[in-house]
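Spelled out from the first residue to the last, the chains are:
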There are 2 protein chains.
Amino acid sequence: MTTDTTPDLPLEEARTRILNAAQTLFAAHGFNATTTKAIAEAAGVPSGLIFYYFPSKKALLTTILRERNMLIELSTVVEMLLVSDPRTALLTLAAHYMEALRQHRELTAILLREFRSHREIADQFHALREEHIVLITSYVQKLLKGKCNAPEQYMQAMARTFLYNLIVIGIIEDPPEPHRFIEEMVDILLGGFAINA
Amino acid sequence: MTTDTTPDLPLEEARTRILNAAQTLFAAHGFNATTTKAIAEAAGVPSGLIFYYFPSKKALLTTILRERNMLIELSTVVEMLLVSDPRTALLTLAAHYMEALRQHRELTAILLREFRSHREIADQFHALREEHIVLITSYVQKLLKGKCNAPEQYMQAMARTFLYNLIVIGIIEDPPEPHRFIEEMVDILLGGFAINA
DNA sequence: GTCTATATGATGATAGAC
DNA sequence: GTCTATCATCATATAGAC
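If you're wondering where the values come from, they're calculated on a predicted model, not measured in any experiment.

Mapped onto the elements of the fold, Leu82(B) is located in the loop between helix H5 (72–80) and helix H6 (86–103). With 54 residues separating them along the chain, Leu82(B) and Ala28(B) place their C-alpha atoms 37 Å apart.

See below:
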């Protein structure tokens, strides 16, 4: 931060290494299946040191989710996304969301895995979901103002469909190239099947 | 099964009670957080009896998912669903899927929780997902034959959107009255926002 | 701040009586 | 088939040297 010749990457602190290791292992094997010993090994620290920085194993979990709250940056991204046509706008928004989901895929995986066991995590998970539904809904409303006469209720339903599809595709299905999936989803959301029946 | 005066409900076998208890606890707290002692207590059997019926705790998990494979009945339901207009058809199909998901919500929760840890479960989970995408896709194709000129690729994308939304809404969001959500989703899938831009 | 050794408790699984 | 008692192991967390 001050007069170091080398950047902070090699001087990574033990606390950070512990959090990183815990995050990876919690996402891969789950909270209960991950031992503090395994975390210490992956972090390259002795197992006792974990309990110098954190009072308990569970504190590791809550700290990860508190300090590394994902998707904050998306709020500001959405502000800037006032592109011309709706299709391009939705494609861009979806790509940003997919990018954020994948960059924080470990955090998302932890939320999806553990929200049934720990009430605080469930609260955080559902609050986050709600927050983003609101964010996407208001964006879609601005985007389609005057161009679409659907009631507000459907704007929200569209936001749900948008978000839930991205989550399942990005975190569970996890294809190497999600571009095609995003494009298909956006086209369905915009035009549906335009049934003539 | 033969000359009993009472039906088989009160004569429920210990093995079944153990499986039921394990299923509920695995779904609620996860595999690793559930102890065999807790399963035995919930089932009303001594803890040793579990290992008379099952060689290990993990065998309990795989047995549950093997013997209670959900959604089999949906295949036959889909066969019968050749209703007139597409909207009614999709609403009915969605309602059936939601019903099945909720009736087997514990199994679905277990799949969602554990598929990252156990390869057999991951395989089963993704196979099941693929199977239902195919099922829904072929149904949608029959349904919209001649009424819609969308390429086959989009039929499959629609099936994905359909299924993934139902899963997230039914298993994660879990609202008391999902009817409204189903209706909104179907309308979006059929008509989208019909942008005039 | 870092590391070693260990206490304490719980867990999956077994042995064997009934 | 059912139940009790118990083993062996391993996990979280602590004590305390450096």
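Right, picking up where we left off after that structure.
Time to look at the protein's contact with DNA strand D. Residues in close proximity to DNA strand D total 13 residues, the closest being Thr36(A), Phe51(A), Lys57(A), Pro46(B) and Tyr53(B). Near-protein atoms of DNA strand D (within 4 Å) split between backbone and bases, with sugar and phosphate holding 70%. At a separation of 2.8 Å, a phosphate oxygen of DNA strand D approaches a polar backbone atom of Thr36(A). At 2.7 Å from a phosphate oxygen of DNA strand D is found a main-chain nitrogen or oxygen belonging to Lys57(A). When the residues that make up the surface near DNA strand D are grouped by side-chain class, the tally is six nonpolar, six polar and one charged.

Moving on to the pattern of salt bridges. Evaluated as defined, the whole model comprises 20 salt bridges over all chains. A salt bridge links Glu184(B) to Arg160(A); the nearest nitrogen and oxygen atoms lie 2.8 Å apart. Of this pair, Glu184(B) sits in helix H10 (residues 179–191) while Arg160(A) sits in helix H9 (residues 152–173), which puts the two residues in different chains. For the pair Glu184(B) and Arg160(A), one class covers both residues: buried.

Over its 22 residues, helix H9 (residues 152–173) of chain B runs 30 Å from end to end, which matches the ideal 32 Å to within 8%, given 1.5 Å per residue. Counting buried positions along H9(B) gives 19 out of 22 residues, so the element sits mostly inside the fold.

The subject of this paragraph is the side chain of Glu184(B). A residue is classified by how much of its surface remains accessible, and Glu184(B), at 2% relative accessible area, is buried. A polar side-chain atom of Glu184(B) sits 2.8 Å from a polar atom in the side chain of Gln153(A). Reaching out from Glu184(B), the side chain makes a polar contact with the side chain of Arg160(A) at a distance of 2.8 Å. Beyond its immediate sequence surroundings of up to four residues, Glu184(B) is in contact with Gln153(A), Tyr154(A), Ala157(A) and Arg160(A).

To continue, consider the interface of chain B and chain A. Each side of the interface is counted separately: chain B has 49 residues, and chain A has 49 residues. Applying the counting criterion to the chain B and chain A interface returns two salt bridges. Seen at the junction of chain B and chain A, the total is 13 residue pairs in polar contact (both at pLDDT 80 or more). Put simply, the parts of the chain that give the side of chain B that touches chain A at least two residues each are helix H1 (14–29), helix H7 (105–114), helix H8 (119–144), H9 and H10 of chain B. For the side of chain B that touches chain A, the element with the highest residue contribution is H9(B), accounting for 14 residues.

Here the focus is the relation of the copies chain B and chain A. In screw terms, the move from chain B to chain A is a rotation of 180° and a rise of 0.0 Å along the axis, fitting with an RMSD of 0.0 Å. Seen this way, the second copy is the image of the first under a two-fold rotation axis. In terms of proximity to the rotation axis, the leading residue of chain B is Gly192(B), whose C-alpha is 2.0 Å off the axis. Most of the interface of chain B is mirrored in chain A, where 100% of its interface residues again form contacts.

This next bit is on the packing of H9(A) against H10(B). At a minimum axis separation of 10 Å, H9(A) and H10(B) run at an interaxial angle of 85°. Overall, the two elements H9(A) and H10(B) adopt an arrangement that is roughly perpendicular. Side by side, H9(A) and H10(B) meet where Gln153(A), Tyr154(A), Ala157(A), Met158(A), Arg160(A) and Thr161(A) of the first sit next to Arg180(B), Phe181(B), Glu183(B), Glu184(B), Asp187(B) and Ile188(B) of the second. Each residue belonging to the contact of H9(A) with H10(B) can be placed in one class, and the counts come to five nonpolar, two polar and five charged.

Here we take up the protein's contact with DNA strand C. Taken together, 13 residues lie around DNA strand C, and Pro46(A), Tyr53(A), Thr35(B), Thr36(B) and Lys57(B) are the ones closest in. Backbone atoms, meaning sugar and phosphate, form 67% of the atoms of DNA strand C found within 4 Å of the protein. With respect to DNA strand C, the side chain of Tyr52(A) contributes an N or O atom lying 3.5 Å from a phosphate oxygen. One of the backbone nitrogen or oxygen atoms of Thr34(B) is found 3.4 Å away from a phosphate oxygen of DNA strand C. Residue composition of the surface near DNA strand C, by class: six nonpolar, six polar and one charged.

Turning our eyes to something else, we now look at the domain arrangement of chain A. Residue and element names in this part refer to chain A. Each assigned domain of chain A is listed with its residue range as follows: domain 1 (11–66) and domain 2 (69–191). Using C-alpha coordinates to define each centre, domain 1 is positioned 29 Å away from domain 2. Facing 14 residues of domain 1, the contacting portion of domain 2 comprises twelve residues. When the two sides are added together, the surface that domain 1 and domain 2 hide from each other amounts to roughly 1,200 Å², 57% of it contributed by carbon and sulfur.

Residues and elements named next belong to chain A. Positive phi, close to 55°, is recorded for Asp174, a residue that is not glycine. Relative to the helices and strands, Asp174 is located in the loop between H9 and helix H10 (179–191). Of the residues examined, Asp174 reaches a relative accessible area of 32% and is grouped as partly exposed.

Let's shift gears to the packing of aromatic side chains. Overall, the coordinates contain eight aromatic pairs over all chains when judged by the stated rule. Ring centres 5.2 Å apart and planes at 55° place the aromatic pair Phe26(A) and Phe31(A) in the tilted group. Accessibility classification places Phe26(A) together with Phe31(A) in one group, the buried group. Relative to Phe162(B), the ring of Tyr97(B) has its centre 6.2 Å away and its plane inclined at 90°; by these criteria the two rings are edge-to-face.

Thresholds, definitions, all that
Residues numbered from 1 in each chain as written. Chains lettered and ligands numbered in written order. Predicted model: local features only at pLDDT ≥ 70, side-chain atom pairs only at ≥ 80, totals over all residues. Heavy atoms only, no water. Helix = DSSP H or I, 4+ residues; strand = E, 2+ residues; numbered from the N terminus. Near = heavy atom within 4 Å. Polar contact = N/O pair within 3.5 Å; in protein donor to acceptor, adjacent residues only side chain to side chain. Nonpolar A, V, L, I, M, F, W, Y, C, P; charged D, E, K, R; others polar. Salt bridge = Lys/Arg side-chain N within 4 Å of Asp/Glu carboxyl O. Buried < 20%, exposed > 50% of the residue type's maximum accessible area, 1.4 Å probe, protein only. Expected span 1.5 Å × (residues − 1). Contact = heavy atoms within 4.5 Å. Least-squares fit on C-alpha atoms with pLDDT ≥ 70 in both. Axes fitted to C-alpha atoms, helices over the stretch in contact; angles between N-to-C directions. Parallel < 35°, antiparallel > 145°, perpendicular 65-115°, else oblique. Domains from an automatic or database assignment. Buried area = accessible area lost by both parts, 1.4 Å probe. Phe/Tyr/Trp six-rings, centres within 6.5 Å; stacked < 30°, edge-to-face > 60°.

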